Amino acid sequence: MRYRRVASLKTADAFRDYLAQLGVDLPFDNEMMTGPDAPLAQPYRLKNGFTVGNRFCILPMEGCDGTTDGRPTELTIRRWRRFGTSGAKLIWGGEAVAVRPDGRANPNQLMIDEHTLGDMAALREVLVTAHKAHFETGDLLVGLQLTHSGRFARPCEKMRPEPKILYHHPLLDQKFGIPPDAPVISDGEIAQLVDDFVRAACLARRAGFAFVDLKCCHGYLGHEFLSAVEREGRYGGSFENRTRFLREVVAGIRAAAPGLEIGVRFSAFDFRPFRPGPDGRGKPVSLEKEEYRYAFGGDGTGLGIDLSEPRAFLDVLASLQIELVCLSAGSPYYTPHIQRPALFPPSDGYGPPEDPLVGVARQIAMAACLKQHRPELALVGSAYSYLQEWLPNVAQRVVRTGQADFVGLGRMALPYPDMAADVLAGRPLQRRRICRTFSDCTIAPRSGLVSGCYPLDDFYKQRPEAAVLAKIKKQRVVS
C-alpha cells in the first residue's frame, strides 16, 4: 500500500476515511473548541499547588549548536526564544543537557556545570522574557532535561563514537561497532554518575529551573538501565536492580535540592533494531535466539508490546512522589519509525515499514493505557507532529477524554513553534510552516551541522549549512 501524505487529506472526512483504510483507531474531534473552556486551554494543577496554564508542552530535543565547552550560542538562544513565544505552558527541559563532558551525544550539545551555570540561567531567562511579551508567566513551568548519552555518546570532534555501555547488547553492539571486549561501566562508575546527576540538578535549581527531567528514553544511559536484564550486580537483572540508578539519583536530589520538582521522560516500549530491506523499507533484524530480552516494555518477540514493566515503573515513580511523566518509545538510532513516525526518513536510515499514522496511534494508545493505570500522574504524550494539520483535532480528543494530560510538540516546534498559540486563539493553522517530517533536523546534526529546520524555517534555508546538507543528502541517495 502506498502511504498517503497527510497534507493531501484535505477534510476531516478524508482523514477519517484513510484511518479506516489503515485499520487505525485514532482519537479525533471533528470540530475544534476555542476560548477558556476549550480542553487544550484548561489549566492543570500539580500536587505542589502550581498551576500549568494549558495542555501544550514543548518536548526536549537534542541540540547541536552549542559551543564545544557546552554553552549556548545565538542559534540556541533563538530556538529557546521561539519556545517562549510558542504559547505552550509546559517546557519539558528545552533540550537534552549533558551532566558531564563524556555524556554528550555530539560535541556541540549543551552541558551544565559551574562554568556554564550563568549561561543556562540566561538561556532560561530568554525563554521566560519572550513568553512574557505575549502571555502571563505565572502559569509557565520550565524544566531542564538532564542526560548522559551512554551507548550513543559522541563528545569529541568529528563525532567519533565513545560509547559508555552497561551491558553487551548482541544486536546493538554489532550494529554500532562495539567490540566484544569493550568495557562496561562498573558499579563504582555508576555511583559517580549518580553524584553527577545530583550535582547537575542542584545547578539547574540555581539557574532557576522549576524541575529537572531525568532522561530515561531513546537508548541513552537512563533507558539502557531499564533493559539491563543480563547485567550482573546491583544495577542489572531484576526490575528492582534495573530501577536502582533512578531511585538513587532521586534520593540524592531530594537530599541536596529539596523542593526541586523531578520529572522523568521514558521510552515505555521498544522493538529490536530495524535496517533497510531490499526495497529500502525498514525490516527487523533477525534473531539468533527465539526470545528478545532487551526491549523494555517489549513482549519478548522484539516486535510487540507488554506494558507490565512500564506500569510497574509508573508505580515506582509514584512511590518516589514524581508526578511529571513524559512518555515516548524506542530510539532514533535503531527504531526511529516507532519513536518519531515520519514519511521521509533520515538519509542514513530506512523507509517507513508501516504508515507513520500507525506509529502515532501506537504511542497514543500506549499513553492512554498508562494514564488509566496511574490517573494521578501528569502524563505528557509524544509522536503528535506527524499528524500535521490534524494534530489539534487528535490532541483535543485525547485531552478531553483523559487519555493524556498534555500534548507534546517536538519537531513541530522547530518550524512552527507558535502552533499552540494559534490553536488556542482559534486562528487558522499556517500550513506553510507545518512540519512535514522531512527529517533534516536529524540528518544535519548527525552530519556535524547545526540543528534546525532547513526545509521550512527561512532562517536556516539561508544559512551556508543548507547547501552542505543538500549535498550530503544527494551523495547518500546516489550511494
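On a predicted model such as this, the values are computed, not experimentally measured, just so you know.

Rules behind the numbers
- Residues numbered from 1 in each chain as written.
- Predicted model: local features only at pLDDT ≥ 70, side-chain atom pairs only at ≥ 80, totals over all residues.
- Heavy atoms only, no water.
- Axes fitted to C-alpha atoms, helices over the stretch in contact; angles between N-to-C directions.
- Helix = DSSP H or I, 4+ residues; strand = E, 2+ residues; numbered from the N terminus.
- Parallel < 35°, antiparallel > 145°, perpendicular 65-115°, else oblique.
- Left-handed = near helix turned anticlockwise from the far one by under 90°.
- Contact = heavy atoms within 4.5 Å.
- Nonpolar A, V, L, I, M, F, W, Y, C, P; charged D, E, K, R; others polar.
- Buried < 20%, exposed > 50% of the residue type's maximum accessible area, 1.4 Å probe, protein only.
- Salt bridge = Lys/Arg side-chain N within 4 Å of Asp/Glu carboxyl O.
- Core = buried A, V, L, I, M, F, W, Y, C linked by side-chain atoms within 4.5 Å.
- Pairing = 2+ DSSP bridges.
- Expected span 1.5 Å × (residues − 1).

Enquirer: So, the packing of helix 9 (residues 308-319) against helix 11 (residues 356-373): which residues are in play, and what are the values?
Expert: Taken N-terminus to C-terminus, the directions of helix 9 and helix 11 make an angle of 45°; their axes are 10 Å apart at the nearest point. It follows from the interaxial angle that helix 9 and helix 11 lie oblique. When the axes of helix 9 and helix 11 are compared, the crossing they make is right-handed. Here Pro-310, Arg-311, Leu-314 and Asp-315 of helix 9 come into contact with helix 11, specifically with Cys-369, Leu-370 and His-373. Split by residue class, the contact of helix 9 with helix 11 holds 4 nonpolar, 1 polar and 2 charged.

Enquirer: Could you give an account of unusual backbone geometry, with specific residues and numbers?
Expert: The backbone of Ala-383 sits at a positive phi, close to 75°, despite the residue not being glycine. Mapped onto the secondary structure, Ala-383 falls in the loop between strand 12 (378-381) and helix 12 (391-400). In this structure Ala-383 comes out as buried when scored by relative accessible area, which is 9%. With a phi close to 55°, Thr-437 is a non-glycine residue in the positive phi region. Judged by relative accessible area, Thr-437 falls into the buried class, the value being 2%.

Enquirer: Explain the pattern of salt bridges to me, and be specific about the residues and the numbers.
Expert: Evaluated as defined, the whole model comprises 35 salt bridges. Arg-71 is the salt-bridge partner of Asp-119, the closest N and O atoms lying 2.7 Å from each other. Placement of Asp-119 in helix 3 (residues 117-132) and of Arg-71 in the loop between strand 3 (56-58) and helix 2 (74-84) is noted, with a sequence separation of 48 residues between them. One salt bridge connects Asp-418 with Arg-433, and the closest N-O pair in it is separated by 2.8 Å. Taken together, the residues Asp-418 in the loop between strand 13 (406-409) and helix 13 (419-425) and Arg-433 in the loop between helix 13 and helix 14 (440-446) connect sequence positions 15 residues apart.

Enquirer: Quick one: what's the story with the nonpolar core, residue by residue and with numbers?
Expert: Of all hydrophobic cores here, the largest spans 119 residues; its most connected members are Leu-26, Leu-146, Leu-214, Ile-253 and Phe-266. The greatest single-element share of this core, amounting to 9 residues, is contributed by helix 5 (residues 187-206). The next biggest cluster of nonpolar side chains, apart from the first, holds 14 residues, and it includes Leu-59, Leu-324, Cys-326 and Val-380.

Enquirer: Got a sec to walk through the pairing of strand 13? Specific residues and values, please.
Expert: Burial along strand 13 is two-sided: the face carrying Phe-406 and Gly-408 and the face carrying Val-407 and Leu-409 are both buried. The sheet contact formed by strand 3 and strand 13 spans 3 bridges and is parallel. When the sheet's bridge partners are listed, Phe-56 is paired in strand 13 with Val-407. In this structure, strand 12 lies alongside strand 13, joined through 2 bridges in parallel fashion. Each bridged residue has a counterpart across the sheet, and for Val-380 the counterpart in strand 13 is Phe-406.

Enquirer: How would you explain helix 8 (residues 244-256) if you had to name every residue and give the values?
Expert: Taking 1.5 Å of rise per residue, 13 residues should cover 18 Å, and helix 8 covers 18 Å from first to last C-alpha, within 8% of that figure. Looking at helix 8, one finds that the buried residues are Arg-244, Phe-245, Leu-246, Val-249, Val-250 and Ile-253. Looking at the buried side of helix 8, the elements it contacts are helix 5, strand 7 (211-216), helix 6 (221-226), helix 7 (239-242), strand 8 (261-267) and helix 9.

Enquirer: Could you give an account of the environment of Thr-73, with specific residues and numbers?
Expert: By the secondary structure assignment, Thr-73 is in the loop between strand 3 and helix 2. Taking the relative accessible area as the measure of exposure, Thr-73 reaches 22% and is therefore partly exposed. When the C-alpha positions of Thr-73 and Leu-123 are compared, they lie 9.6 Å apart, and in sequence the two are 50 residues distant. In contact with Thr-73, other than residues within four places in its own chain, are Asp-65, Gly-66 and Thr-67.

Shape descriptors only; they carry no functional weight alone.
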